[in-house]
Amino acid sequence: MAMYLLYESASGYALFIAHGIDEIGQNTEAVRSSIEDLSRFGRVVKLTAFHPFESALDALNQCNAVSEGIMTDELRNVLELNLPKPKVKDGHPIYVLGVSDSKIGAHILENTKIPCRSNDFVLELLRGVRYHFQRFIKDLKQGDLEKAQLGLGHSYSRAKVKFNVNRVDNMVIQAIFLLDTLDKDINSFAMRVREWYGWHFPELVKIVNDNYLYAKLAKFIENKSNLSEESLPQLTELLGDEDKAKEVVEAAKASMGQDISPVDLINVQQFAKRVMDLSDYRRKLYDYLVAKMNDIAPNLTSLIGEVVGARLISHAGSLTNLAKCPSSTLQILGAEKALFRALKTRGNTPKYGLIFHSSFIGRASAKNKGRMARYLANKCSIASRIDCFSESNTAVFGELLNKQVEDRLKFYDNGVAPRKNIDVMKEAIEKFQKEDDEMDVDKTSKDASVKKSKKKSKAEVEKPMDEDAPENPKLGKKKKKDKTADVEDQELDTKEVEKSEKKKKKKEKRKLEEQEQQQNHVQNGNNDVDAKPEGTTKKKKKKSKVEDGEDVQVVSDGKKKKKKKSRTEDDD
């Protein structure tokens, strides 16, 4: 039975055939020892086909597909063109294709029916092919293969590292580490300020307990002998309490502390300012951590809080590692020493690790702390998986999981039955779909408004361009064709405006005529009784004119008939 070897190099796909394997040995150890000798290895393994990649991008795509165990169309064409059709003889296949990964071997067998093999013996043969590959391919120059391997390695690792910049959990890990170290440093530095300035003003320690306020006061007071009632308003602004400010002034007057030289006071002030700056930076860092956690793990944040969630992510190494952890592992994250100590001494294993800092476990009773920790770890594992593998950034699931934990606390305390998990998840999915629909509607409305604004801006830009006359006559002729539509629209608008103005003027004239007519009737009513209706018909409305016209026509027709009759009588 012949054996073919598929080797995926940085420059292309290569197919080798292995004949007479007995010469180099049947065992993996024998093959391993004979690989370095090219004269022996070259008799057994020979190159049958080599298909180079078209470009660096093509090489990267092929490498990604092979690493995921997928056979591309290009690899399929190479195998079908250079390998014989798979046949079975005496119950065994004619040949076998040796591959480095069993996943891609299974995919090749499923699609092409080519039998594949991947074991230690095949891997040793492929190692020999890799070792002598540059000598098998004659057209390759010295250093070409190394350059291709280096470039492909850089692009492959860069593509694996590239993902959503806003969801980089490494920043959260660094931020929570820095936050913990800042807490320790600020506490130690504040104690040093208290001790240093306490030699000069020891009574201030009992009045002010907050470290940040103490550093502010130490910087503001400087020398206690300078304190007086004039500095009361500034002290009240710093302390926020007038009684405390008066207490500080009275304590400064009767203080038992020793005097300090100006140089020592300057150093104390500088150190107090550094402590204040560090505490200010700590607040900004905490705000940054809150914003990052809401971007990276919104559901975990809404369930357990920003600090505890960030500590879980940093302890696991990444959000992906935390999502891969089962809830039992997540429950005791941070208590590994206690766990191994308990396993070694066969004692009780710990019930909780970093999860203990959550408020839920603090609110639970002593007998229910373990049960609460197990339930909370279960919900945290669900939230971390949703955050890690969902494409959309939503906190709906975390909010409802938080309600579930609250209901579980009430169940442990009062016995109130909580809702089923299926009902809660259905509600979360419905809310999530509604949010998605609203986001789509907002996007479409925004796109439409942007298009309208773009059209308006284009029209505004084109108007002044149309007003300017073109310098070249040829260009002017071309522009006239484009302007005809706009000119016609403007003419139609002007015509409509003129028509409406004419109608208004006619209406006004008619009203004036009617008013004059009424005045004439009132003044000359008695004189015009015997007058003929012909004079008055001219000043009537159109309707009256039409009626009068019809009557006149009837009268004239009667006169014509009488004249005709008289003429006929004269003739007779």
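As the structure is a prediction and not an experimental result, all values here were calculated from the model. (Residues numbered from 1 in each chain as written. Predicted model: local features only at pLDDT ≥ 70, side-chain atom pairs only at ≥ 80, totals over all residues. Heavy atoms only, no water.)

A. The side chain of Arg194, seen in detail. Of note, Arg194 is situated in helix 9 (residues 169–198). Here Arg194 is buried and forms no salt bridge, its nearest opposite-charge partner Asp210 lying at an N-O distance of 6.6 Å. Among the polar contacts made by the side chain of Arg194, one reaches the main-chain carbonyl oxygen of Asn209 at a distance of 2.4 Å. With residues up to four places along the chain from it excluded, the contact list for Arg194 reads Val205, Val208, Asn209, Asp210, Asn211 and Tyr214. (Helix = DSSP H or I, 4+ residues; strand = E, 2+ residues; numbered from the N terminus. Buried < 20%, exposed > 50% of the residue type's maximum accessible area, 1.4 Å probe, protein only. Lys, Arg positive; Asp, Glu negative; His and termini not counted. Salt bridge = Lys/Arg side-chain N within 4 Å of Asp/Glu carboxyl O. Polar contact = N/O pair within 3.5 Å; in protein donor to acceptor, adjacent residues only side chain to side chain. Contact = heavy atoms within 4.5 Å.)

B. Representation of helix 12 (residues 232–239) within the structure. All of the buried residues along helix 12 are Leu232, Leu235 and Leu239. The buried residues of helix 12 occupy an angular sector of 60° when projected down its axis, which confines them to one face. Within two residues after helix 12, Gly240 carries a phi angle of roughly 75°, on the positive side. (Arc of directions from axis to C-beta.)

C. Focus on the packing of helix 9 against helix 14 (residues 262–296). Following both chains from N to C, one finds helix 9 and helix 14 inclined at 155°, their axes separated by 9 Å at the closest point. Between helix 9 and helix 14, the crossing angle belongs to the class labelled roughly antiparallel. Crossing handedness for the pair helix 9 and helix 14: left-handed. The residue makeup of the contact of helix 9 with helix 14, split by class, is 25 nonpolar, two polar and five charged. (Axes fitted to C-alpha atoms, helices over the stretch in contact; angles between N-to-C directions. Parallel < 35°, antiparallel > 145°, perpendicular 65-115°, else oblique. Left-handed = near helix turned anticlockwise from the far one by under 90°. Nonpolar A, V, L, I, M, F, W, Y, C, P; charged D, E, K, R; others polar.)

D. Summary view of the packing of aromatic side chains. In this structure the tally under the stated criterion is eleven aromatic pairs. Each ring, one from Phe189 and one from Phe271, has its centre 5.9 Å from the other, and the planes form 70°; the classification is edge-to-face. Taken as a pair, Phe189 in helix 9 and Phe271 in helix 14 lie far apart in primary sequence, 82 residues in all. Taking the relative accessible area as the measure of exposure, Phe271 reaches 21% and is therefore partly exposed. Taken together through their ring pairs, the aromatic side chains of Tyr7, Phe50 and Phe133 make up a single cluster. Its guanidinium or amino end placed over the ring of Tyr214, Arg194 lies 4.9 Å from that ring's centre, counting from NZ or CZ. Here Arg283 stacks its cationic end above the ring of Tyr212, 4.5 Å away from the centre of that ring. (Phe/Tyr/Trp six-rings, centres within 6.5 Å; stacked < 30°, edge-to-face > 60°. Lys NZ or Arg CZ within 6 Å of the ring centre and 35° of its normal.)

E. Region of the structure containing the pattern of salt bridges. The full count for this structure, using the stated rule, is eleven salt bridges. One salt bridge in this structure joins Arg127 and Glu124, with 3.1 Å as the shortest N-O distance. Of the two residues, Arg127 and Glu124 are both situated in helix 6 (residues 120–131); the distance of three residues between them amounts to about one turn of the helix. The salt bridge involving Asp280 is made with Arg283; its shortest N-O contact spans 3.8 Å. Of the two residues, Asp280 and Arg283 both sit in helix 14, three residues apart, roughly one turn of that helix. Using a relative accessible area of 26% as the deciding quantity, one classes Asp280 as partly exposed. Judged by its relative accessible area of 45%, Arg283 is partly exposed. Among the charged side chains, a network of salt bridges with common partners joins Arg419, Glu427 and Lys431.

F. Expanded view of the nonpolar core. In terms of nonpolar packing, the biggest core is built from 50 residues, with Leu289, Leu300, Ile304, Ile313, Leu322 and Leu376 touching the most fellow members. Among the elements that take part in this core, helix 21 (residues 369–389) stands out by supplying nine residues, more than any other. In this structure, Leu376 is in contact with Leu303, Ile304, Ile355, Ser358, Phe360, Ile361 and Val405, ignoring residues within four places of it in sequence. Of all hydrophobic cores here, the second largest spans 27 residues; its members include Leu204, Leu232, Leu235 and Ile260. (Core = buried A, V, L, I, M, F, W, Y, C linked by side-chain atoms within 4.5 Å.)

G. Spatial organisation of unusual backbone geometry. The residue Lys113 is not glycine, and still its phi comes out positive at about 65°. Residue position: Lys113 is located in the loop between helix 5 (102–112) and strand 7 (116–117).

H. Up close: the environment of Val205. Position of Val205 relative to the elements: it lies in helix 10 (residues 204–207). For the pair formed by Val205 and Arg194, sequence separation is eleven residues and the distance between their alpha carbons is 6.9 Å. When residues no more than four places from it in sequence are discounted, the contact partners of Val205 are Arg194 and Tyr214.

I. Representation of the confidence of the model for the chain. In this model, the chain carries an average pLDDT of 79, and 77% of its residues clear a pLDDT of 70 or more. Within the chain, helix 16 (residues 306–316) carries the highest mean pLDDT (94), whereas helix 25 (residues 533–537) carries the lowest (41). Counted against residues more than four places away or in other chains, residues 463–492, with its pLDDT under 50, gives four contacts. (pLDDT = per-residue confidence, 0-100.)

J. Quick look at the side chain of Lys379. Within the element layout of this structure, Lys379 appears in helix 21. In this structure, Lys379 is buried with no salt-bridge partner, the nearest side chain bearing the opposite charge being Asp407 at 10.0 Å.

K. Spatial organisation of a positive patch on the surface. Taken together, the side chains of Lys505, Lys506, Lys507, Lys509, Arg510 and Lys511 define a basic patch exposed on the protein surface. Examined against the element boundaries, Arg510 turns out to sit in helix 24 (residues 473–523). (Patch = residues over 30% accessible without salt bridge, like charges linked within 9 Å, V, L, I, M, F, W, Y side chains within 5 Å. Areas by Shrake-Rupley, 256 points an atom, 1.4 Å probe, with all protein chains shown as cover. Charge placed at Lys NZ, Arg CZ, Asp CG, Glu CD.)

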